[in-house]
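# Structural features, examined
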Amino acid sequence: MPGLETTAGGVSLDNVSEVLCIIFGILGLFGNGLVLVVMVRIRSLRTITNLFIANQSIIDFLSSIFLLILLYKPPVFDYSDWEINGWTMFVCKIWQSQYIFWSLMSASTTNLILLTLERWIAVVFPIVYRNRVTWKRATVIVFVPWIYGFVFELYWQGVHHVVDGVCSPSFRNQSLKIFTGICVFLAKLIMPVLIMLGAYISILQRIRPQLIKGEVTTTTRSARFLTTATNSAKAINFDIGEPTIPKTDRDAIPTTNRDVESGIKCNTFPRAYSDITSSQTTHQERIRLNILKTLFLVTVVYILCWSPALFDFLIYNLGAGRHTLRGSLHRFFVVLIFVNIWSNPVIYTFKYRRFQDGLRKTFCIFRKKSKVASHKC
């Protein structure tokens, strides 16, 4: 994906672009930095899901830095008097092409996909998630987006060449240009959208009964909890033991799926068992649903921010008309991508309840350290 090129447009356009780059860069630094501080300070947020969220914030934090360095005022050099050597190629291909920035953006996209798949496995295959998805494995997987991002974007620095004293993208032939445009469009928009939307559709089908019924009754929650616990115990060959239930109610405990269904219809589950499980189950369901809503909103914002620029880049590579990457419309589309850098922390703040709680605790810790209102912490 190309960077923000120098254009022959009006000065006002350049000024607007520069101001937006500064604003978005500062918002990205502050927002993602705040997310990282909260994740580090609050131990209850150190989960596998939040590990990927923290990785997303690290990537976007660094992207904000390079946004301010590279794209506030795009570097322009006159290579007419430069000797064509390794240093010249480095400046052109790595720095002026903004290879590092776009590699980070590709890493951000890949991490968002992994974050979605992590939630998909947790909801659709809970036993597999519990047995296979460990903190150690997740720590290794978070490096995958970084590797993929910098490897995938090698094509962009590869097509940059110094021609007539100017460093600019130049394809050897039209077929290669078309092939590159299609691959980038598929890799950065079509494939991520299909994977993420497919995962959310599968998740929705899994939790659809809860969404249709709204609030699940205590009896139904107890039955679902007992069925899941029994099946999980069988799958992992673990003895869950016998719950402490009055002797008069022990005969009412279902032992098969048919008994569970009968218990739901006839409301014959012991009250003691319901009281033990209902509160915890309801809390977990709410947490899971809140995380899913938050991440789905993150996915929607990604699609809205990236789609215009990627369609525009595809049209450019297909060679439709006299389309270039130097027009004001393309500049607007590229600036729209930058919104995605700082939008995620905003979404977490307003939608992710566990992050909201962590944010309150974090500021409470700061007040406690300054001995102001410490009794409230």
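Residues numbered from 1 in each chain as written. Predicted model: local features only at pLDDT ≥ 70, side-chain atom pairs only at ≥ 80, totals over all residues. Heavy atoms only, no water.

### What to know about the state of the cysteines
Covalent bonding between the sulfur atoms of two cysteines defines a disulfide. For the record, the criterion: When the sulfur atoms of two cysteines come within 2.5 Å, that pair is taken as a disulfide. Secondary structure elements are taken from DSSP: a helix is a run of H or I of four residues or more, a strand is a run of E of two residues or more, and numbering for both begins at the N terminus.
Tallied over the full model, the rule gives one disulfide. In this model, Cys-92 is linked to Cys-167 through a disulfide, with the two sulfur atoms separated by 1.9 Å. Taking the sign of the torsion about the S-S bond as the criterion, the disulfide between Cys-92 and Cys-167, at about 80 degrees, is right-handed. Placement of Cys-92 in helix H3 (residues 86-96) and of Cys-167 in strand S2 (residues 166-169) is noted, with a sequence separation of 75 residues between them.

### A few points about the UniProt feature "transmembrane region" (unreviewed entry) in the protein
Operational definition: UniProt positions are given in the numbering used here, feature names are shortened, and annotations may be inferred rather than shown by experiment.
Feature annotation in UniProt places "transmembrane region" (unreviewed entry) on residues 20-40, 52-72, 99-117, 138-158, 178-203, 295-316 and 328-350, given in this structure's numbering. For residues 20-40, the helix share is 100%, the strand share is 0%, and the end-to-end C-alpha distance is 30 Å. Helix makes up 100% of residues 295-316 and strand 0%, and the two end C-alpha atoms of the span are 32 Å apart.

### Considering the pairing of strand S1 (residues 160-163)
Worth spelling out the cut-off: Only strands joined by at least two bridges in the DSSP assignment are considered to pair.
As defined by bridge partners, S1 adjoins S2 across four bridges and the pair is classed as antiparallel. Note that in S2 the partner of His-160 across the bridge is Pro-169. Between S1 and the antiparallel strand that follows it, S2, lie two residues; Asp-164 among them carries a positive phi value of about 55 degrees.

### Digging into H3
Stated formally: Relative accessibility decides the category of a residue: with a 1.4 Å probe and only protein chains considered, values under 20% of the type maximum give buried, values over 50% give exposed, and everything between is partly exposed. Throughout, a contact is declared for two residues whenever any of their heavy atoms are within 4.5 Å. Here a polar contact is taken to be a pair of N or O atoms separated by no more than 3.5 Å, where protein atoms must pair a possible hydrogen donor with a possible acceptor and residues adjacent in sequence count only if both atoms sit in side chains.
Inspection of H3 places Thr-88, Val-91, Cys-92, Lys-93, Ile-94 and Gln-96 among the buried residues, and these make up the whole buried set. Looking at the buried residues of H3, the elements they touch are helix H4 (99-124), helix H8 (154-158), S1 and S2. Of the residues that open H3, the one with a side-chain oxygen 3.2 Å from the backbone nitrogen of Trp-87 is Asn-85. Once H3 finishes, Gln-98 follows within two positions and takes phi at roughly 60 degrees, a positive value.

### Brief notes about the packing of aromatic side chains
Here is the rule we go by: Between 30 and 60 degrees the pair is tilted, below 30 it is stacked and above 60 it is edge-to-face, where a pair is any two Phe, Tyr or Trp rings, Trp via its six-membered ring, whose centres lie within 6.5 Å. Here, a charge over a ring means that NZ of Lys or CZ of Arg falls within 6 Å of the ring centre while also lying within 35 degrees of the ring normal.
Applying the stated rule across the entire model yields 18 aromatic pairs. Pairing Tyr-148 with Phe-152 gives two aromatic rings, centres 5.6 Å apart and planes at 20 degrees, and the pair type is stacked. Residue Tyr-148 and its partner Phe-152 are both found in helix H7 (residues 144-152); the two are separated by four residues, about one turn of the helix. Through successive ring pairs, a cluster of aromatic residues spans Tyr-148, Phe-152, Tyr-155, Trp-156, Phe-313 and Tyr-316. One residue, Lys-177, lies across the ring of Tyr-316, its end atom 4.1 Å from the ring centre.

### Let's talk about the environment of Leu-70
For Leu-70, the location among the structural elements is in helix H2 (residues 48-71). Through-space distance from the C-alpha of Leu-70 to that of Ile-100 is 9.6 Å; in sequence the pair is 30 residues apart.

### A word on a nonpolar patch on the surface
Just so we agree on the cut-off: By definition, no residue in a patch forms a salt bridge, and every one has over 30% relative accessible area; like charges are joined within 9 Å, nonpolar side chains (Val, Leu, Ile, Met, Phe, Trp, Tyr) within 5 Å. Here, Shrake-Rupley sampling with a 1.4 Å probe gives the accessible areas, and only protein chains in the shown set may cover a residue. Basic side-chain nitrogens of Lys or Arg form a salt bridge, by our definition, when they fall within 4 Å of a carboxyl oxygen of Asp or Glu.
A cluster of nonpolar residues, Ile-182, Leu-186, Met-191, Leu-194, Ile-195 and Leu-318, forms a patch on the protein surface that exposes about 500 Å² of accessible area. Tallying contributions element by element places helix H9 (residues 174-213) first for the nonpolar patch, with five residues. Tracing the chain through its elements places Leu-186 in helix H9.

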